[in-house]
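# Coordinates in review
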Amino acid sequence: MNRIKRAFKQEKPLVSIYATAGFPALNDTVEVIQSLEAAGADMIEIGLPFSDPLADGPTIQQSSTKALENGMSTKVLFEQLEGIRDSVSIPLIIMGYFNPVLQFGVAEFCEACEKAGIDGLILPDLPLEIYTRDYQTIFERHGLSMIFLITPQTSESRIRAIEAASNTFIYMVSSSSTTGSTAGFSESNMAYFKRIADMNLSVETIVGFGIADAHTFSQASQYSRGAIIGSAFIRHLEERGTQHIADFINALNAKHV
Amino acid sequence: MKTTSYHVDADGFYGEFGGAFIPEMLYPNTEELRNTYLEISSRPEFQLEFKALLKDYVGRPTPLFFASRLSEKYQTKIYLKREDLCHTGAHKINNTIGQILLAKALGKKRIIAETGAGQHGVATATVCALMGIECVVYMGALDIKRQAPNVARMKLLGATVRPAESGSKTLKDATNEAIRDWINNPVDTHYIIGSVVGPHPYPDMVARFQSVISEEIGAQLLEKEGRELPDYVIACVGGGSNAAGIYYHYLDLPQVKLVAVEAAGKGIHSGHSAATSALGKVGIIHGSKTLLMQTSDGQITEPYSISAGLDYPGVGPMHAHLYASKRAQFISISDDDAMTAGQELAKLEGIIPAIETSHAFAVFDQLDCKKDDIVVINLSGRGDKDLQTYINYFDL
């Protein structure tokens, strides 16, 4: 069984954290990953920085810009991840944009992911149709699970098509927004989470975008298997550095009153 | 509708270029456009209003002017398609008129746009004022400083100008911010892209609205020369909207030679250039697979040109295909040669061109035009906006 499916065996909602590779400092990547696992994170999205991240808000873009200035690149990331599986056992997903993958070479990229022990990929600007036509075979050959996004505007028929191309989970974007732009979920957000839950998809769902604290985390987990936290964690790293990662995870898991 | 290899295919590709490489958040927005743009824009009432506005508001048809002194100098017959005489000073408004009518037909209440030098921003603000629709223009924070008169124009026209503070704070970042706005406002907002770039159907939609340029040339040439087809069609290319417009009706007629002129900046290999065809590799920018200036790691780089309208790191997918298939000849022209050509046009024909456009006038050394060949150059914009650059360059 792959690591992502195994992670979903647990009862409690999954805490999945996004961290930009090479941020705050170039060589922080591995330490951040290890600290996150030690603090109790269930899954990690490693952000491969891109100069023009269309789907991300200012917090993640700024961290990407910083990471690129620090010298992060696809090649450097794979060098850093060498041997990561000796110390980290939770699922690791690379989240990035398609152009750097295209330049690295899609086949070479998949091979490097498999070698490093990467379990899945989130590439928001690689659309479903192109993926299934050109890349699904090679991703799957290297044991990489492709994770697609859906939004409140995604039609039911398209969700079904995305379900068919998925094999672990679907990333449910909480609202029609870029990352880091909401504060608490409204009734219509919750109705959307429930509507998706009621579809009884054959793969799991996790909510992302707009989760910043225990309250939004528990809202998100009500109708899904967990949540991805990105901008809030990047802000935490900016403000408190890499030494207090456990505080962030503990605060998320705290019972909301 | 023509369906040959030089026009867009059913999936939104020009050969291997184009498509819609967009985050899922944008899928409903672009799907709505994809499903409606051809049907709405071919409705008789749409065409009637579009043509009436182009005639009475924009000032079309634009003249096709025989440039006799320029022709004498280069020993060939040079005609100028006078897009510089359009309302707001450039061809950009052909597209914004088309898209504002489309937005109205779709019931949109709010318009967003990106702009580099400000020409497309002004053209968008203009049609929004005309229609009484809210307008937000994203512009790189650096460009806002460099292009103060156009910022003032947009404000006078009632638009909100929002600075793009991310990345390199120029056109590509303004485009990113506009796309993000569209992600955050997926239902009531239409995004008017200013060039033949972005995800399908934008490149084709913008090319169609700009195709009025080549559509007019046939009858105009017939009247002046007794034949409809020119031998050469020349246009400058940044994203490529004026080129797409003047190539459109000739794409499938190989006897008409297409010449695309890019900005070499301080020299193709100087590190300060915008010659995308020479320097770019296949990649993804703003939802489109095209030729793109980037690092070996796939990070998009910042182009340079003395003309703010040509410094886009990509090129429209139609043009990437015209380049790869060799249907069009691509030439890059340096800042210096463009400035000299602009000054020459001013002195020989009494027309001060936009510096973007000046690039298209600097190619005659590299073409083998015969005395009886008919050459049409797209005079895509006028030079008023560039006066300060001319003043600084020539120490006027």
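Keep in mind the model is a prediction, meaning the values are calculated, not measured.

## Here's the deal with the side chain of B:N378
All names here are of chain B. As for its position among the elements, N378 is in strand β14 (residues 374-378). There is a polar contact of 3.0 Å between the side chain of N378 and the side chain of N242. Here N378 is in contact with K81, E83, I213, I234, A235, N242, I246 and T357, once residues within four sequence places are set aside.

## With respect to the pairing of strand β12 (residues 288-292) of chain B
All names here are of chain B. Counting buried positions over the 5 residues of β12 gives 5, a clear majority of the element. For strand β11 (residues 281-285) and β12, the ladder comprises 5 bridges, and the chain directions are antiparallel. If you follow I285 over to β12, its bridge partner there is S288. The turn joining β11 and β12, which pair antiparallel and follow one another in sequence, is formed by 2 residues; a positive phi near 50° is taken by H286.

## Things to note about the interface of chain A and chain B
At the interface, 36 residues of chain A touch 32 residues of chain B. For the pairing of chain A and chain B, the buried interface totals around 2,800 Å² over both sides, and the portion due to carbon and sulfur atoms is 55%. Summed over the three residues of chain A that lose the most area to chain B, namely A:D52, A:L54 and A:Q103, the buried surface amounts to 23% of that side. Across the contact surface, chain A and chain B share 2 salt bridges. Here A:D52 ties to B:K172 by a salt bridge, and the two come within 3.0 Å at their closest N and O atoms.

## Section: the domain arrangement of chain B
Residues and elements named next belong to chain B. Its domain assignment divides chain B into domain 1 (28-54 + 92-206) and domain 2 (59-89 + 211-394). Each of domain 1 and domain 2 was reduced to a C-alpha centroid, and the two centroids are 23 Å apart. Counting from both sides, the interface comprises 27 residues of domain 1 and, opposite them, 29 residues of domain 2. Both faces considered, domain 1 and domain 2 share a buried interface measuring about 2,100 Å² in area, 61% of it formed by carbon and sulfur atoms. The three residues of domain 1 that bury the most area against domain 2 are L54, K172 and V196, which together make up 25% of that side's buried surface.

## Structural notes on unusual backbone geometry
In this model, A:F23 is joined to A:P24 through a cis peptide bond whose omega is 0°. B:R60 connects to B:P61 through a cis peptide bond whose omega is 0°. Of note, B:P61 is situated in the loop between α2 (44-58) and β3 (64-66). Despite not being glycine, A:F209 shows a phi value in the positive range, around 80°. Inspection of the secondary structure puts A:F209 in the loop between β8 (204-208) and α10 (214-222). A relative accessible area of 6% means that A:F209 is categorised as buried. Its identity as a non-glycine residue notwithstanding, B:H286 has a phi of 50°, on the positive side. Tracing the sequence through the fold places B:H286 in the loop between β11 and β12.

## Topic: the packing of aromatic side chains
Per the counting criterion, the structure on display carries 26 aromatic pairs over all chains. Plain terms: the ring middles of B:W182 and B:Y191 are 5.9 Å apart, the flat faces sit at 70° to each other, and that makes the pair edge-to-face. Classification of B:W182 by relative accessible area gives buried; the value is 4%. Aromatic side chains B:W182 and B:Y202 sit 6.1 Å apart centroid to centroid with 70° between the ring planes, which places their arrangement in the edge-to-face category. Placement of the pair is B:W182 in helix α8 (residues 171-184) and B:Y202 in helix α9 (residues 202-210), with a sequence separation of 20 residues. For the pair formed by B:W182 and B:Y202, the shared burial category is buried. Within the aromatic cluster, the residues linked to one another by ring pairs are A:F98, A:Y131, A:Y135, A:F139, A:F148, B:F13 and B:F21. Just above the ring of B:Y27 sits the side chain of A:R158; from NZ or CZ to the centre is 3.3 Å. Its end group placed over the ring of B:Y232, B:K257 keeps NZ or CZ at 4.9 Å from the ring centre.

Rules behind the numbers
Residues numbered from 1 in each chain as written. Chains lettered and ligands numbered in written order. Predicted model: local features only at pLDDT ≥ 70, side-chain atom pairs only at ≥ 80, totals over all residues. Heavy atoms only, no water. Helix = DSSP H or I, 4+ residues; strand = E, 2+ residues; numbered from the N terminus. Polar contact = N/O pair within 3.5 Å; in protein donor to acceptor, adjacent residues only side chain to side chain. Contact = heavy atoms within 4.5 Å. Buried < 20%, exposed > 50% of the residue type's maximum accessible area, 1.4 Å probe, protein only. Pairing = 2+ DSSP bridges. Buried area = accessible area lost by both parts, 1.4 Å probe. Salt bridge = Lys/Arg side-chain N within 4 Å of Asp/Glu carboxyl O. Domains from an automatic or database assignment. Phe/Tyr/Trp six-rings, centres within 6.5 Å; stacked < 30°, edge-to-face > 60°. Lys NZ or Arg CZ within 6 Å of the ring centre and 35° of its normal.

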